[in-house]
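Okay, here's what each chain looks like letter by letter:
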Amino acid sequence: MTTRSVLIVLFEGVQSLDVTGPLEVFAGGGAAAGRPDAYRVRTASLAGAGVRTGSGLRLLPDEDLALAGPPHTLVVPGGAGTADPDPALVRRIAELAAGAQRVVSVCTGAFLLAEAGLLAGRRATTHWAYCDALARRYPDTEVDPEPVYVRDGHVASSAGVTAGIDLALALVEEDHGRDAALLVARHLVMFLRRPGGQAQFSTQLAAQLAERQPLRDVQVWIAGHPDADLSVDALAARAALSPRQFARAFRAEVGVSPGRYVDGVRLEAARRRLEDSAGGIEEIARACGYGTAESMRRAFVRTLGVPPVDYRRHFRTD
């Protein structure tokens, strides 16, 4: 049986959770699969020097990055140190990636992959707060700000911090099956594994809270009544505005159109019910305002990349 080598790159200003999250997943993945030697996890830095994380934690690497051989899986974490990286670090990442079967970035580690030329012509993501910067700096990369993680060929990138754990769990599942990945998730007290296509944050977090009280009241109403008539005309009437005034004011204050906001709330409500309840697909579709199971299926596939049945099978908590 093959032992997969995992090399995690360290540098000054690295985000500690970007390192320890995936490390713990791979370290536990072998035991969960009944093979303690399934992964050989190492850390390395330039000259093998100790580094200080962004939070002040000191990390002592296992080896000199210059002497490390190409791993099966190369993990490049993020952190403040990615803002102005050492050119030698970028060059060595490119060299190691050339011999790796999988290349993974966590959070702003995507900037290091992009600087090394590894994201050119590929789809990628990073922490939502840095997606615009990544797209501007590297226009040859298709940056998607929505997913928790993105896989494009042998290169994978994840969003902020804990998303690196989600991606590492997906790799363990790929290597050793779903049961092993779920066992690791339970050990880490992760109640579910988020699918790669799941949004980085909720509709309520992503959108702004309206300034005017009538519009805020409408937002609260939408969240509590996803099965109601949430057309622009109906919502405008609740806000005592004309449909045109309402649509314009809602977009200006919330940052998205009423229709897009409603779509997000309904999807989030359906996801929660699929994860936490035993209700049937048709019942959940009606309760969340989709009307039919087919309408909900189309919304899930369009936004998350998986139908409701598969979403529940993989991510329901028991």
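It should be noted that the structure appears before, not after, this text.
Residues numbered from 1 in each chain as written. Predicted model: local features only at pLDDT ≥ 70, side-chain atom pairs only at ≥ 80, totals over all residues. Heavy atoms only, no water.

## Looking at the packing of aromatic side chains
Argument step 1. What the rule picks out here adds up to 5 aromatic pairs.
Argument step 2. On the basis of an interplanar angle of 70° and a centroid distance of 6.4 Å, the ring pair of F111 and Y138 is categorised as edge-to-face. Here F111, found in helix α3 (residues 109–115), pairs with Y138, found in the loop between α4 (131–137) and β9 (142–143); they are 27 residues apart in sequence, far enough to count as distant.
Argument step 3. A residue is classified by how much of its surface remains accessible, and F111, at 6% relative accessible area, is buried.
Argument step 4. Classification of Y138 by relative accessible area gives buried; the value is 10%.
Argument step 5. Of note, R238 hangs over the ring of W221, and the distance from its end group to the ring centre comes to 3.7 Å. (Phe/Tyr/Trp six-rings, centres within 6.5 Å; stacked < 30°, edge-to-face > 60°. Helix = DSSP H or I, 4+ residues; strand = E, 2+ residues; numbered from the N terminus. Buried < 20%, exposed > 50% of the residue type's maximum accessible area, 1.4 Å probe, protein only. Lys NZ or Arg CZ within 6 Å of the ring centre and 35° of its normal.)

## Section: the pattern of salt bridges
Argument step 1. All told, the structure shown has 14 salt bridges when counted by the stated rule.
Argument step 2. R35 is paired through a salt bridge with D37; the nearest N and O atoms lie 3.5 Å apart.
Argument step 3. Judged by its relative accessible area of 13%, R35 falls in the buried class.
Argument step 4. A salt bridge links E174 to R102; its shortest N-O distance comes to 2.9 Å. Placement of the pair is E174 in helix α5 (residues 163–176) and R102 in strand β7 (residues 102–105), with a sequence separation of 72 residues. (Salt bridge = Lys/Arg side-chain N within 4 Å of Asp/Glu carboxyl O.)

## A look at the environment of R102
Argument step 1. Looking at R102, the relative accessible area reads 5%, which means it is buried.
Argument step 2. A distance of 2.8 Å separates polar atoms of two side chains, one belonging to R102 and the other to D175. (Polar contact = N/O pair within 3.5 Å; in protein donor to acceptor, adjacent residues only side chain to side chain.)

## A short note on the environment of E173
Argument step 1. Relative to the elements of secondary structure, E173 occurs in helix α5.
Argument step 2. Judged by relative accessible area, which is 21%, E173 ranks as partly exposed.
Argument step 3. Remark: the alpha-carbon pair of E173 and V155, spanning 18 residues in sequence, is separated by 17 Å.

## Topic: the side chain of R271
Argument step 1. With respect to the secondary-structure elements, R271 resides in helix α11 (residues 258–276).
Argument step 2. Here R271 sits buried without a salt bridge, and the closest side chain of opposite charge, E275, lies 4.1 Å off (N-O distance).
Argument step 3. A polar atom in the side chain of R271 sits 3.2 Å from the side chain of Y311. (Lys, Arg positive; Asp, Glu negative; His and termini not counted.)

## Quick notes on the nonpolar core
Soluble globular proteins tend to pack their nonpolar side chains together in the buried interior.
Argument step 1. Ranked by size, the top nonpolar core spans 61 residues in total, and within it V9, F26, L74, I93, V103 and L113 carry the most contacts.
Argument step 2. Of all hydrophobic cores here, the second largest spans 16 residues; its members include V218, A236, F246 and Y261. (Core = buried A, V, L, I, M, F, W, Y, C linked by side-chain atoms within 4.5 Å.)

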